[in-house]
Amino acid sequence: MSFVPFELERWQSTWENRVSYNLSESGVHPLTISELLAMAGEEPDALLSLRMVYSQSDGTETLRRAIAALYPGAGPEEIVVTVGSSEANFVVCWTLIERDDRVTILTPTYRQTWGLAHNFGARVTELPLEYELGWEPDTSRLEETIPDGTKLVVLTNPNNPTGHVLSEASRRALLARIQHVGAWLLADEVYQGAERNGHTTPSVWGPYDRTIVVNGLSKAYGLPGLRIGWIVGPRAFRDAVVARHDYTVIGPSPVSDFLAIRALAVRDQILARTRGILNTNYPILAAWLNKFGTLFDWREPACGAICLARYRHPLSALDLVARVRAGNNILLVPGEHFGLPHHLRLGFGNETSELRRALGDLEPAISQHLMD
């Protein structure tokens, strides 16, 4: 079986720490440890005195209780702490997907689960989110795209790369169809809490007993370096996940577990910081895009530090981002990494002054390559 590489992560991992400006990131400018401890009212000595033992592999009881409190009806027995939401997605897919299983994925999306489904030998169907519908799915196609016999449906909400939050009508229609066919639902909710309007997107956890939720502290919390993610799922499923988790990274570090507990204790403060960054920076990016007249069109993102912009020019986005990286030392994400030619995903979660400088340096490059 041929292997499907994860093109987005390979591109970012190669260059994100080598460029002058990184506009490929989808989260906000990260917190420092000292900032987090100050928010939590914690003295640094508490962290420095930690003994570097193996931590509880599925997350300490304290951390799992703090996570469970975010999901009505869930307890620590439904939670598995993972090393980032990436490990969470991996072990969920490893647990559920077998060769020739039918898997439906709402696209465009962060392509980890898309690639894993292909690499595990699934028969993958895409349910497209339509630009003309404001990045909503065409719910009249649900019987076609989630046929009888579907094993798993994968949803990222709020969405990456569009920044869109599904309407309640679409959520209800999707859940009804998923329940009708008896499929599992995997909902990646890692951008939940980064909504610019301040209204946190409701989790899909609760009404359907084959629901699995993945989340973490990377995007909305500005703590990607902690590498803390989690899975919420039914207890029997959780046991199957934990058995596979033993084969991956064993467990999080005690430092990450300690800091994650403090982060969740001041969750409201952290999310307010995130939303402040997004609401300050998005108008800067929008004004910059408008400088180019009709070159770009896009839907205003409701959530996350990402804006998906379509451009009118024959140059491929793969070529464009390679030229900008080599010539201007700025990292962008090409739409091809989401199955969308002639699109760019632009991150705007940087420090505001840095974002202004990056866009200033990017402007002549865009004019040179797309305005000829």
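Residues numbered from 1 in each chain as written. Predicted model: local features only at pLDDT ≥ 70, side-chain atom pairs only at ≥ 80, totals over all residues. Heavy atoms only, no water.

Visitor: Mind showing me how you'd approach the nonpolar core here?
Guide: Looking at soluble globular proteins, one finds that nonpolar side chains tend to be buried together. One finds Leu-217, Phe-296 and Leu-362 to be the most contacted residues of the largest nonpolar core, which totals 99 residues. With ten residues, helix 11 (residues 267–290) is the single largest residue contributor to this core. With residues near it in sequence (within four places) discarded, Leu-362 still touches Leu-23, Trp-288, Val-324, Ile-330 and Leu-332. By size, the runner-up hydrophobic cluster in this structure holds 23 residues, among which are Val-92, Ile-97, Ile-105 and Trp-114. (Core = buried A, V, L, I, M, F, W, Y, C linked by side-chain atoms within 4.5 Å. Buried < 20%, exposed > 50% of the residue type's maximum accessible area, 1.4 Å probe, protein only. Helix = DSSP H or I, 4+ residues; strand = E, 2+ residues; numbered from the N terminus. Contact = heavy atoms within 4.5 Å.)

Visitor: What is the right way to read the packing of aromatic side chains from this model?
Guide: The description of an aromatic ring pair uses the distance of the two centres, along with the angle that the planes make with each other. If you walk through the whole model with that rule in mind, you get ten aromatic pairs. Considering the side-chain rings of Phe-90 and Trp-94, the 5.8 Å spacing of their centres and the 50 degrees angle between planes classify their relative orientation as tilted. Of this pair, Phe-90 and Trp-94 are both found in helix 5 (residues 84–96), four residues apart, which corresponds to roughly one turn of the helix. The class for Phe-90 is partly exposed, based on a relative accessible area of 28%. Residue classification places Trp-94 among the partly exposed residues on the basis of a relative accessible area of 30%. Between Trp-94 and Tyr-247 the ring centres are 6.3 Å apart and the planes differ by 65 degrees, which places this aromatic pair in the edge-to-face class. On the criterion of sequence distance, the pair formed by Trp-94 in helix 5 and Tyr-247 in the loop between helix 9 (235–245) and helix 10 (254–265) is long-range, its members being 153 residues apart. Three or more aromatic residues joined by ring pairs form one cluster here, namely Phe-90, Trp-94, Phe-120 and Tyr-247. Above the face of the Trp-15 ring, Arg-18 is positioned so that its terminal group lies 5.6 Å from the ring centre. A cation over an aromatic ring shows up here: Arg-111 above the ring of Trp-114, its NZ or CZ 3.9 Å from the ring centre. (Phe/Tyr/Trp six-rings, centres within 6.5 Å; stacked < 30°, edge-to-face > 60°. Lys NZ or Arg CZ within 6 Å of the ring centre and 35° of its normal.)

Visitor: Got a minute to help me understand helix 9 in this structure?
Guide: Residues separated by three or four positions in an α-helix point in the same direction, a consequence of the helix having 3.6 residues per turn. Looking only at helix 9, the buried set comprises Phe-237, Arg-238, Val-241, Val-242 and His-245. Viewed along the axis of helix 9, the buried residues span an arc of 140 degrees, placing them on a single side of the element. Facing away from the buried side of helix 9 by more than 90 degrees, the exposed set consists of Ala-236 and Asp-239. Buried residues in helix 9 make contact with helix 4 (61–68), strand 2 (79–82), helix 5, strand 7 (184–188), strand 8 (211–216) and strand 9 (229–232). (Arc of directions from axis to C-beta.)

Visitor: Whenever I open this one, the environment of Tyr-282 confuses me. Can you help?
Guide: As for its placement among the helices and strands, Tyr-282 is situated in helix 11. For Tyr-282, a relative accessible area of 5% gives the class buried. As a C-alpha pair, Tyr-282 and Ala-272 span ten residues in sequence and 15 Å in three-dimensional space. Ignoring anything within four residues of it in the chain, the contact list for Tyr-282 reads Arg-196, Trp-298, Glu-300, Pro-301, Cys-307 and Phe-348.

Visitor: Please clarify how the sheet that holds strand 11 (residues 306–311) should be interpreted in this entry.
Guide: Strand pairing in a sheet takes place through backbone hydrogen bonds and is either antiparallel or parallel in direction. Strand order in this open sheet of four strands is 10-11-14-13, and the pairing throughout is antiparallel. On the outer flanks of this sheet lie strand 10 (296–298) and strand 13 (333–334), each paired with one strand and no other. Relative to strand 14 (residues 343–347), strand 13 is paired through two bridges, and the arrangement is antiparallel. When the bridges of strand 14 are listed, Pro-334 appears paired with Leu-344. Of the strands in this sheet, strand 10, strand 11 and strand 14 touch helix 11, which is tilted by about 140 degrees from strand 10. (Pairing = 2+ DSSP bridges. Axes fitted to C-alpha atoms, helices over the stretch in contact; angles between N-to-C directions.)

Visitor: Can you help me understand the pairing of strand 3 (residues 102–107) in this one?
Guide: Residues in a regular strand point their side chains to alternate faces of the sheet. For strand 3, a buried count of five out of six residues is recorded, marking the element as mostly surrounded by other parts of the structure. Pairing geometry for strand 3 and strand 4 (residues 123–130), over six bridges, is parallel. Looking across to strand 4, one finds that Ile-105 is bridged to Glu-126. Once the chain exits strand 3 it traverses helix 6 (residues 112–119) before rejoining the sheet at strand 4, and the crossover so formed is right-handed. Here four bridges tie strand 3 to strand 6 (residues 150–156), and the two strands are oriented parallel to one another. Residue pairing for strand 6: Val-103 is matched across the bridge by Leu-152. (Right-handed = clockwise from strand over helix to strand, strands pointing away.)

Visitor: For this particular structure, what's the right way to read the packing of helix 12 (residues 317–328) against helix 13 (residues 352–370)?
Guide: For any two helices packed against each other, one specifies the crossing angle of their axes together with the interaxial distance. Relative to each other, helix 12 and helix 13 sit at 135 degrees, their axes nearing to 11 Å. Taken as axis vectors, helix 12 and helix 13 run oblique relative to one another. Viewed along their axes, helix 12 and helix 13 form a crossing whose handedness is right-handed. Listed contacts from helix 13 to Leu-320, Arg-323, Val-324 and Asn-328 of helix 12 are Asp-361, Leu-362, Ala-365, His-369 and Leu-370. Here the contact of helix 12 with helix 13 is composed, by residue class, of five nonpolar, two polar and two charged. (Parallel < 35°, antiparallel > 145°, perpendicular 65-115°, else oblique. Left-handed = near helix turned anticlockwise from the far one by under 90°. Nonpolar A, V, L, I, M, F, W, Y, C, P; charged D, E, K, R; others polar.)

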